[in-house]
Amino acid sequence: MTGGERPSPPSEPPHRAHAPHARNEEHIQFAVSRVLDALGLVWAHPPNEALQRGDQTSQAQRRASQAYGAQQVGLGVKAGLPDVLIFSRPPVGSRFDGCRGVALELKTVSGRMSPAQERWAASLRSEGWHVVTTYGLDHALAAIAGCGWDVKSALERLAGVGWIVDVAGDRLVRGRKG
């Protein structure tokens, strides 16, 4: 899948794009992080959001945010780097066996790739990585499963400790099992 494709997430209800939930990439990131940890994968989330914080209300907050962003750039944070870098190789015999790693760019259903994200996706592909842009939590989980990892068992383990997937809300929430 190329970074510019916008597939419909698997099993997406027709009304989902207009659901009243306030979904954002942080909710999706949180859920994906729990699933990757439950799978025991070696992965990381680069702190790219440090470069894009524009939601501060006061001028002092904006200046502090800009200074922090500049500091992060000086330390090597790169704009457009995918949200999730999975260093564990996909399972042997899986469709992506042989890839150096997997990079996920997490988007909401209505999200779009930036030019910097498109460049990173192309660069990582040229280095032997499988790169996929996902649109919503269900699509992100399907992409992880498509790499050969057992997402279903990870979700069952998470449910056993009180986490449930709210696909309509694109998030993982604390709840009661069953």
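Everything below is about the structure shown above.
Keep in mind the model is a prediction, meaning the values are calculated, not measured. (Residues numbered from 1 in each chain as written. Predicted model: local features only at pLDDT ≥ 70, side-chain atom pairs only at ≥ 80, totals over all residues. Heavy atoms only, no water.)

### As for the nonpolar core
Phase 1: With 28 residues, the main nonpolar core has Val32, Leu36, Val84, Ile86, Leu104, Ile144 and Trp149 as its most contacted residues.
Phase 2: If you list the elements that add at least two residues to this core, you get helix H1 (25-39), strand E2 (84-86), strand E3 (102-107), helix H4 (137-146) and helix H5 (151-160).
Phase 3: In terms of residue count, H1 provides more of this core than any other element does, six residues in total.
Phase 4: Here isoleucine 144 is in contact with Val32, Leu36, Leu39, Leu104, Trp149 and Val151, once residues within four sequence places are set aside.
Phase 5: In terms of nonpolar packing, the next biggest core, distinct from the first, is built from nine residues, Met113, Trp129, Val131 and Tyr135 among them. (Core = buried A, V, L, I, M, F, W, Y, C linked by side-chain atoms within 4.5 Å. Buried < 20%, exposed > 50% of the residue type's maximum accessible area, 1.4 Å probe, protein only. Helix = DSSP H or I, 4+ residues; strand = E, 2+ residues; numbered from the N terminus. Contact = heavy atoms within 4.5 Å.)

### Some details on the side chain of glutamine 117
Phase 1: With respect to the helices and strands, glutamine 117 occurs in helix H3 (residues 115-126).
Phase 2: Of the residues examined, glutamine 117 reaches a relative accessible area of 13% and is grouped as buried.
Phase 3: In contact with glutamine 117, other than residues within four places in its own chain, are Gly80, Glu105, Lys107 and Arg112.

### Quick look at the pattern of salt bridges
Phase 1: Enumeration over the complete set of coordinates arrives at four salt bridges.
Phase 2: The residue glutamate 105 makes a salt bridge to lysine 107 at a minimum N-O spacing of 3.6 Å.
Phase 3: Taking relative accessible area as the criterion, lysine 107 reaches 5% and is therefore assigned buried.
Phase 4: Of the charged contacts, one joins aspartate 166 and arginine 171 as a salt bridge, the two residues approaching to 3.2 Å between their closest N and O atoms.
Phase 5: With relative accessibility at 19%, the residue aspartate 166 sits in the buried group.
Phase 6: Overall, arginine 171 belongs to the partly exposed group, its relative accessible area being 27%. (Salt bridge = Lys/Arg side-chain N within 4 Å of Asp/Glu carboxyl O.)

### Points about the sheet that holds strand E4 (residues 130-135)
Phase 1: With respect to topology, four strands assemble into an open sheet ordered E1-E2-E3-E4, the strand pairing being mixed. Every interior strand has two partners, whereas the edge strands, strand E1 (43-44) and E4, have only one.
Phase 2: In the sheet, E3 pairs with E4 via six bridges, with the strands oriented parallel. From the neighbouring strand, leucine 106 faces E4, where its bridge partner is threonine 134.
Phase 3: Packing against the sheet, H1 makes contact with E1, E2 and E3, and its axis sits at approximately 150 degrees to E3.
Phase 4: Sitting on the sheet, H4 is in contact with E3 and E4, with an inclination near 155 degrees to E4. (Pairing = 2+ DSSP bridges. Axes fitted to C-alpha atoms, helices over the stretch in contact; angles between N-to-C directions.)

### A short note on H5
Phase 1: Restricting attention to buried positions, one finds in H5 the residues Val151, Ser153, Ala154, Leu158 and Ala159.
Phase 2: Close packing links the buried residues of H5 with H1, H4, strand E5 (163-166) and strand E6 (171-174).
Phase 3: Following H5 by one or two positions, glycine 162 has its phi on the positive side, about 95 degrees.

### Considering the environment of arginine 171
Phase 1: Mapped onto the secondary structure, arginine 171 falls in strand E6.
Phase 2: Linking arginine 171 and isoleucine 28, residues 143 residues apart in sequence, is a C-alpha distance of 5.5 Å.

Functional significance is not addressed by these values, which are geometric in nature.
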